[in-house]
Structures are given as C-alpha cells and as structure tokens.
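Structural features, examined
The residues making up each chain are set out below.
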Amino acid sequence: MSEPVAVTQGRNYIGGRWVESASGRMLESLDPATGEVLGLVPDSTAEDVDRAMRAGADAWPRWRATPAPRRAEILYRAAELLVRRKEDLARLMTREMGKILPETRGDVQEAIDMTYFIAGEGRRLHGYTTPSEMPRKAAYCLRAPLGVVGVITPWNFPMAIPSWKITPALVCGNTVVFKPAPETPLVAAAYVALLEEAGVPQGVLNLVTGGDEAGAALVDHPGVALISFTGSTEVGLQVAARCAARGVRVSLEMGGKNAAIVLDDADLDLVADALTWSAFGTTGQRCTACSRIVVTPRVHDAVVDRLAGRAGRLRVGSGLDAQTEMGPLVSERQRERVERYVGIGHREGVRVAVGGERLTTAGFERGFFYAPTILDGVRPQMRVAQEEIFGPVVGVIDCTSLDEAFEIVNGVRYGLSASIFTRDISAAMRAIEEIRTGIVYVNHGTIGAEVHLPFGGTRQTGNGHREGGLQVLDVFTEWKSVYIDYSGRLQRAQIDRD
Ligand code: NAD
C-alpha cells in the first residue's frame, strides 16, 4: 500500500530565492498510483518567467567569467550529492511519476552519470588551433556560451532529462531558466535544491513550475538565447516555429515510434526478455519504447505467444512495491490516450493478443493503471502503427523480407530508435546502414542509451541536434574563430598569396 501523504508546498526558485508565483495560482502534483495529491506548486505566468529570465541575465556576466573548471567543481559536488540522495530521490520520483523503483533509481543514476561525464568537460571544452594561410598569423576556435537558456522538459525522465540539459548548459557558462513538466514539479524542485546546495550561484539556475502558459512565455521571452525542448512532436514543432520567427536557436527532442525487427534466426528467449522490457518498461512511456515489432512469418507465432505470456504475467501495481514490474501511467489523460488508441486499433481490425483494458489493481483502484497490451495483425499504415501512443501497447507487424522490414521501420515520421534481432552479421550490418534512426541496437531492445554517446533522432523526432555525448556541447555553445596577426602589416586573406 502507499505511504501516508504530507502535501508538499512547492515554490519557484528565482535569483537564489524560493518564491511564490506572482499570480498565486497553483497546480496539483498527483501520485499516479493512488490519485492522491502529493504537492501544490506554482502555476507560473509570463510575469514569473520574466522575473526568472531577469535573474538569469543578471547572473550571466559573473558566471560566464567563472573559469569552466570551477563551474565543473560545482557539478562534481552535485553528482556526489545525487549519489548520496539516490534512494530518497528515486522514491519521490516513483511517487510522483509512477515508474517502479529500479527504474527511478536508474533515472537518478543517469543524472549522476551525466553530471560526472559533463563535469569532466570543465577541463576540456576543446576548441582547436589550426595553421593560418598567412605567415605570422595564429588561428584557433573556441566555444562561447550563449546567454540565458530556456529548458523545457517532459515528465517521463523527471531528473535524467533535465540533467542532460542543465549540466551542459552550466558547464558551458550559460545561465538557465528551467520549466519542468507540470506532472513532475516536485522532482524538479528537489533537483534544483540539490544544485543550489552543491553551490550553483544565485540566479544561475532558476526554476519556474507550470504548464503550457509558463512554457510558452519562456519560448516567447525576448531575452532567451536558446530553447532546449524535450516533449511531443506537436508541441516541439510549435516551439520551433515560434523560435524561428525570432531567429532563436532551438534544440528539439520529440516523439518516437520505435521498432524492433525479429528475423527467423533470432534468439527468441532474448527477444522475449528484451522486448518485454522495451515495450513495457516505464509503462511504455519512454521516447525510445518499442512500439512496433516487425517479424518474419516463420517466427511470428512464437514471438507473439512468448511476449503475450510474459506481458500477461507482469505484476502491475504501485511502483514502490518491490514485487511490482510495471507501474501506472502518469495521468488519467495519458491512460485515456492509450484507451483511445486501442479503440482505434479495434476499428482498424487488429487482434488484441493480450491486455487491451484498464486495470483496477487491488488497493490502487484510483490509480491510472492499464494492462500491458499486444496488438497483433497490425499493418504498417494503420494509425496504431504510425502514431505515438506512449503507453504499454506494442503492435506486431508481419514482413516477408529484410528490405520490407527496413521499409516498415523507416515508414513513419519519427526516427529515434530501432533494433534488430538476428545472428546473421550481414543482416545486422545492413540494418545499421538502412535504418534511418538516431540510435540502432543489435540484439538488444530499443531502450538503454548511455550518456556519453549522442542521443537524438531523425526527421520529426528532432531538428538535427543531439544530447548526450560531446555533441551536446554544440547545443549550448557558439563557435568563435580567432585570428591573431603578429606580422605587423596588412595581410589580406585569399588575396595576398606571395
Ligand atoms: P509535451 O509536449 O506535452 O510537454 C513537454 C513540455 O512542454 C512540458 O514541460 C510542457 O508543459 C511544455 N509545453 C506544453 N505546451 C507548450 C507550449 N505551447 N510552449 C512551450 N512549452 C510547452 O510532452 P509530455 O507529455 O510532457 O512528454 C511526452 C512526450 O515527450 C512524448 O512525445 C515523448 O516521445 C517525448 N519525449 C521525447 C524524448 C526524446 O529525447 N526524444 C524523451 C522523452 C520524452
């Protein structure tokens, strides 16, 4: 059963102070396993966002002038605090977001990994030197910070995703206004408080909780130098359009419709383990969740039977219970979305191999539970095969050749993650070549990215930027080229060649 609730009163964090919203309006944060109110946080307005932006602008000159190795020292301290607080933060996250404790521990671990990884960049942030085409002229390039950056995040990785954005933004010398998802503001506040404790100076990191209104105000703020957004493609494309109109840089991580290919020679035990995890881990609410399984006719029935058996036996319940293997969806709205798509699937003629209904898990009848669901007989152009459902629903699609499998995998508007199960090295290598996603796995599900490799997707999953890896530094810095002429005379590039 759930632990007793003491409703937390949240605040915004602006200019180094925890403050109320100017409007006094509040949002509820709910426990998705029980429907209980966990906390009340500001439902911020444009006025709050403006205050936060001003605080970020005031703090920027000093922060920018702080040497990057010193900025990084604060991040190392933050990583150490995260290690120490991992269990408490994971429990808070399970209560607020619903995913099971091993996964929320993983979410905090990802923030730890990212923070250590990026803190190391404080002593690198490499540019390069290169010869000039002129004598007695030095040429090099370096990274410069952008200014006050806006960070807008979703609820499914309430600490990992903010850490992917906030830590590189800070190490690069930017100040930040952070607008987390309205579903997970308490985790966001705990993360910001931890960074404050680690020594992030006043005004360098600011938090405004709230929903679309606060997000839109941040996007539209005239002082914002960059919007780093993770969320749905629908909202991300609007954000991009608004930024484009003002020439503001925008980095987008958006939706996915990830697929796994299973060939005749695949290890089917491995397939069952990996795809149960990929489809139903985080209750299917990962941007990299496996949403389509593309399978050859010879192994179709075996794959569906094994996966349906596994899905039917998954223990669904409160994420705090050590026995639970799959938690609730994050909200009633998300559960209704899943129901709507299963209804669409029915009308499109799919067969529900397992699940396909709400669950009223004993003791958690007010939670947002839905059964792990496998749709069989899905065809590539059906809506359930094209649109992001973002819940514990996976569709099985038949293919008759490797080329057809690639066509199906690539035949959606998204391009985040994909995988292939085969023992045939040629098929695996062809998949790596032919699949047009930002991440490809071989003999592994579609989830499981590591922080030191670039993360992001093609087509309408992203706009060409990557998070993670060293590539994230390109999001949060501007390149500056420097020429130092010590010849004592005018040397005209491209003209004076003798
Ligand atoms: P969402 O798009 O509804 O919201 C994302 C964030 O944008 C929230 O903070 C929200 O308050 C804010 N927002 C909403 N309207 C806004 C507006 N008009 N202007 C500015 N900000 C606005 O997404 P969600 O439901 O929170 O998250 C689920 C989505 O996130 C899924 O589509 C999932 O695939 C995607 N996601 C992508 C990645 C990735 O790396 N590609 C990772 C995680 C989640």
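None of these values were measured; they are calculated from a predicted model. (Residues numbered from 1 in each chain as written. Predicted model: local features only at pLDDT ≥ 70, side-chain atom pairs only at ≥ 80, totals over all residues. Heavy atoms only, no water.)

Looking now at the nonpolar core. Within the largest apolar cluster, 61 residues are counted, with the highest numbers of intra-cluster contacts made by Leu82, Met159, Ile166, Val176 and Phe178. Residues lining this core come from more than one domain, with at least three contributed by each of domain 1 (8-254 + 462-481) and domain 2 (258-442). Not counting the four nearest positions on each side in its chain, Phe178 is found in contact with Val151, Thr153, Pro162, Ile166, Ala188, Val192, Leu205, Asn206, Leu207 and Val208. Among the nonpolar cores identified, the runner-up in size contains 30 residues, and Val350, Phe368, Val393 and Ile408 belong to it. (Core = buried A, V, L, I, M, F, W, Y, C linked by side-chain atoms within 4.5 Å. Buried < 20%, exposed > 50% of the residue type's maximum accessible area, 1.4 Å probe, protein only. Domains from an automatic or database assignment. Contact = heavy atoms within 4.5 Å.)

On to the site of the ligand. Inspection of the region around the ligand gives 31 residues, with Thr153, Lys179, Ser232, Met254 and Glu388 positioned closest. Within the backbone of Ala216, one N or O atom sits 3.5 Å away from a nitrogen atom of the ligand. Elements with a contribution of two residues or more to the shell around the ligand: helix H6 (212-220), strand E11 (226-230) and helix H7 (233-246). Broken down by element, the shell around the ligand gets its largest block of residues, four residues, from H6. (Near = heavy atom within 4 Å. Polar contact = N/O pair within 3.5 Å; in protein donor to acceptor, adjacent residues only side chain to side chain. Helix = DSSP H or I, 4+ residues; strand = E, 2+ residues; numbered from the N terminus.)

Once that is clear, we can look at H6. Owing to its 3.6 residues per turn, the α-helix aligns residues three or four sequence positions apart on the same side. For H6, every residue scored as buried is listed here: Ala214, Gly215, Ala217, Leu218 and Val219. On its buried face, H6 is in contact with helix H1 (46-65), strand E8 (148-152), strand E9 (175-179), E11 and H7.

By the definition in use, this model includes 29 salt bridges. When the shortest N-O distance is used, the salt bridge between Asp474 and Arg143 registers 2.9 Å. Residue Asp474 is located in helix H14 (residues 472-476), and its partner Arg143 is located in strand E7 (residues 137-145); the two are separated by 331 residues in the primary sequence. For Asp474, a relative accessible area of 37% translates into the label partly exposed. Overall, the relative accessible area of 17% leaves Arg143 in the buried class. Note that Arg492 and Asp496 form a salt bridge whose closest N and O atoms lie 3.0 Å from each other. Within the structure, one salt-bridge network assembled from shared partners comprises Glu332, Arg335, Glu339 and Arg358. (Salt bridge = Lys/Arg side-chain N within 4 Å of Asp/Glu carboxyl O.)

For the rest of this paragraph, the subject is unusual backbone geometry. When glycine is set aside, most residues are seen to have a negative phi, and most peptide bonds are trans. Of note, the phi angle at Phe390 is positive, near 65°, even though the residue is not glycine. Mapped onto the fold, Phe390 is located in the loop between helix H11 (383-386) and strand E17 (393-398). Phi at Asn443 is positive, roughly 55°, even though this residue is not glycine.

Glancing now at the sheet that holds strand E4 (residues 26-30). Ordered by their spatial adjacency, three strands build an open sheet running E1-E5-E4, and the pairing between neighbours is mixed. Strand pairing shows two members of the sheet lacking a second neighbour, strand E1 (8-9) and E4, which therefore form its edges. As defined by bridge partners, E4 adjoins strand E5 (residues 37-42) across five bridges and the pair is classed as antiparallel. If you follow Leu27 over to E5, its bridge partner there is Val41. Sheet strands touched by helix H5 (residues 185-198): E1, E4 and E5. Its angle to E5, the strand with the most contacts, is close to 65°. (Pairing = 2+ DSSP bridges. Axes fitted to C-alpha atoms, helices over the stretch in contact; angles between N-to-C directions.)

In this description, a pair of aromatic rings is defined by centroid distance and the angle of the planes. As enumerated under the stated definition, the model contains five aromatic pairs in all. When the ring of Trp164 is compared with that of Phe455, the centres are 4.8 Å apart and the planes differ by 55°; the resulting orientation is tilted. Of the two residues, Trp164 sits in helix H4 (residues 160-171) while Phe455 sits in the loop between strand E20 (439-442) and strand E21 (458-459), which places them 291 residues apart along the sequence. The exposure classification of Trp164 matches that of Phe455, with both residues buried. Consider the rings of Phe364 and Phe369, whose centres lie 6.2 Å apart with planes at 65°: the pair is edge-to-face. Across this residue pair, the class does not change: Phe364 and Phe369 are buried. Between Arg64 and the ring centre of Trp60, over which it is positioned, the NZ or CZ distance is 4.2 Å. The cationic tip of Lys99 hangs over the ring face of Phe157; the distance from NZ or CZ to the ring centre is 3.8 Å. (Phe/Tyr/Trp six-rings, centres within 6.5 Å; stacked < 30°, edge-to-face > 60°. Lys NZ or Arg CZ within 6 Å of the ring centre and 35° of its normal.)

Overall, mixed pairing links the seven strands, which are arranged E15-E16-E17-E14-E13-E19-E20 in an open sheet. Either end of the sheet is taken by a strand with one partner, and the two such strands are strand E15 (351-354) and E20. Along the sheet, successive strands turn relative to each other by an average axial angle of 20°, direction set aside. In this structure, strand E13 (residues 258-262) lies alongside strand E19 (residues 417-421), joined through four bridges in parallel fashion. Among the inter-strand pairings, Ile261 is bridged to a residue of E19, identified as Ile420. The sheet strands contacting helix H12 (residues 402-410) are E13, strand E14 (290-295), E17 and E19, and the helix crosses E14 at an angle near 160°.

Let's shift gears to the domain arrangement of the chain. Note on interface size: it is often stated as the accessible area lost on association of the parts. What the domain assignment lists for the chain is domain 1 (8-254 + 462-481) and domain 2 (258-442). Computed over C-alpha atoms only, the centres of domain 1 and domain 2 are separated by 31 Å. Taken together, the contact pairs 22 residues of domain 1 with 26 residues of domain 2. In total, domain 1 and domain 2 occlude about 2000 Å² of area from one another, counting both sides; carbon and sulfur atoms represent 62% of this. In this assembly, domain 1 and domain 2 are joined by two salt bridges. In this structure, the salt-bridge partner of Glu103 is Arg286, at a minimum N-O distance of 3.7 Å. Linking domain 1 to domain 2 there are six residue pairs in polar contact (both at pLDDT 80 or more). Every element with two or more residues in the side of domain 1 that touches domain 2 is listed here: helix H2 (68-97), helix H3 (101-119) and H7. In terms of residue count, the dominant contributor to the side of domain 1 that touches domain 2 is H2 (four residues). Taken together, the residues of the side of domain 1 that touches domain 2 sort by class into nine nonpolar, six polar and seven charged. (Buried area = accessible area lost by both parts, 1.4 Å probe. Nonpolar A, V, L, I, M, F, W, Y, C, P; charged D, E, K, R; others polar.)

Another point: the state of the cysteines. Among covalent bonds in proteins, the disulfide is the one between the sulfur atoms of two cysteines. One pass over the full model with this rule turns up zero disulfides. Residue Cys243 stays outside any disulfide, its sulfur separated by 19 Å from that of Cys172, the closest cysteine. No disulfide involves Cys399; its nearest neighbouring cysteine sulfur is the one of Cys290, lying 13 Å away. For Cys399, a relative accessible area of 0% puts it in the buried group. (Disulfide = S-S within 2.5 Å.)

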